[in-house]
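Listed here are the chains, written in short residue letters.
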Amino acid sequence: MNRLARFAGFGRRSEEPEETPTLDEDIDVERMDPEELREPIIAALRTVHDPEIPINLYDLGLIYDIEIAAHGDVHINMTLTAPACPVAGLMPVMVRDAVARVEGVGTVDVALVWEPPWTPANMSDEARLHLGLM
């Protein structure tokens, strides 16, 4: 055995066996408050735009609810401007993919809901101004 290995203690037998952690022990893990994820999630949602209207889905008022679990999983209820929207199948996937890229987010579930129906009143003031409705 070389000197460095002896110095590091390799080859020595400990008189007391080393403790190995068991699965029952609590391990300190820094936990993030789920609400700390809300703003980054909203920022991610603002990157998803309706292909027919040059406004992001969040400011259009298509995102009804964002539920964030303590372990980072996210559930989003969203709607569309109309049930016959030609990209109805694509929009929830775009939302899921954008939110899944947020650091700290676990599984993302997006549900398409129709109640209450979407109206232009759901839009943010910025969206209404951009579309000339103000």
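Our structure is the block above this text.
Residues numbered from 1 in each chain as written. Predicted model: local features only at pLDDT ≥ 70, side-chain atom pairs only at ≥ 80, totals over all residues. Heavy atoms only, no water.

Draft legend 1. Focus on the overall build of the protein chain. Broken down by element type, the protein chain carries five helices and three strands. Walking the protein chain from its N terminus toward its C terminus, one meets helices and strands in the order α-α-α-β-β-α-β-α. Looking at the protein chain as a whole, 31% of its 134 residues are labelled buried. Here the contacts in the protein chain between residues at least 6 apart in sequence split such that 59% fall between residues at least 24 apart. When the accessible surface of the protein chain is split by element, carbon and sulfur atoms take 53% of a total near 9500 Å². (Helix = DSSP H or I, 4+ residues; strand = E, 2+ residues; numbered from the N terminus. Buried < 20%, exposed > 50% of the residue type's maximum accessible area, 1.4 Å probe, protein only. Contact = heavy atoms within 4.5 Å. Areas by Shrake-Rupley, 256 points an atom, 1.4 Å probe, with all protein chains shown as cover.)

Draft legend 2. Inspection of the pairing of strand 3 (residues 108–112) at higher detail. As paired strands, strand 2 (residues 74–78) and strand 3 are joined by five bridges and run parallel to one another. Bridging from a neighbouring strand, M78 pairs with L112 of strand 3. Viewed along the sheet, the connection from strand 2 through helix 4 (residues 91–100) into strand 3 turns out right-handed. (Pairing = 2+ DSSP bridges. Right-handed = clockwise from strand over helix to strand, strands pointing away.)

Draft legend 3. Expanded view of the pattern of salt bridges. Counted by the stated rule, this structure contains four salt bridges. The closest approach of N and O atoms between R38 and E35, which form a salt bridge, is 2.7 Å. Classification of E35 by relative accessible area gives partly exposed; the value is 42%. With a shortest N-O distance of 3.2 Å, D59 and R46 are connected by a salt bridge. Residue D59 is found in helix 3 (residues 57–60), and its partner R46 is found in the loop between helix 2 (38–45) and helix 3; the two are separated by 13 residues along the sequence. For D59, a relative accessible area of 7% gives the class buried. Classification of R46 by relative accessible area gives partly exposed; the value is 36%. (Salt bridge = Lys/Arg side-chain N within 4 Å of Asp/Glu carboxyl O.)

Draft legend 4. Structural context of the environment of P51. Residue placement: P51 occurs in the loop between helix 2 and helix 3. Taking the C-alpha atoms as reference, P51 lies 9.8 Å from P86; in sequence the two are 35 residues apart. Setting aside residues no more than four positions away along its own chain, P51 makes contact with V87 and M91.

Draft legend 5. Representation of the sheet that holds strand 1 (residues 63–68) in the model. If you trace the three strands from one edge of the open sheet to the other, you get 1-2-3, paired in mixed fashion. Both outer strands of the open sheet, strand 1 and strand 3, are each paired with one neighbouring strand and no more. If you compare each strand with its neighbour and ignore which way they point, the axes differ by 15° on average. Summarising the sheet, strand 1 and strand 2 pair through five bridges and their orientation is antiparallel. Counted as the bridge partner of I63 is M78 from strand 2. Here helix 2 sits on the sheet in contact with strand 1 and strand 2, set at roughly 140° to strand 1. Along the sheet, helix 4 makes contact with strand 1, strand 2 and strand 3, crossing strand 3 at roughly 155°. (Axes fitted to C-alpha atoms, helices over the stretch in contact; angles between N-to-C directions.)

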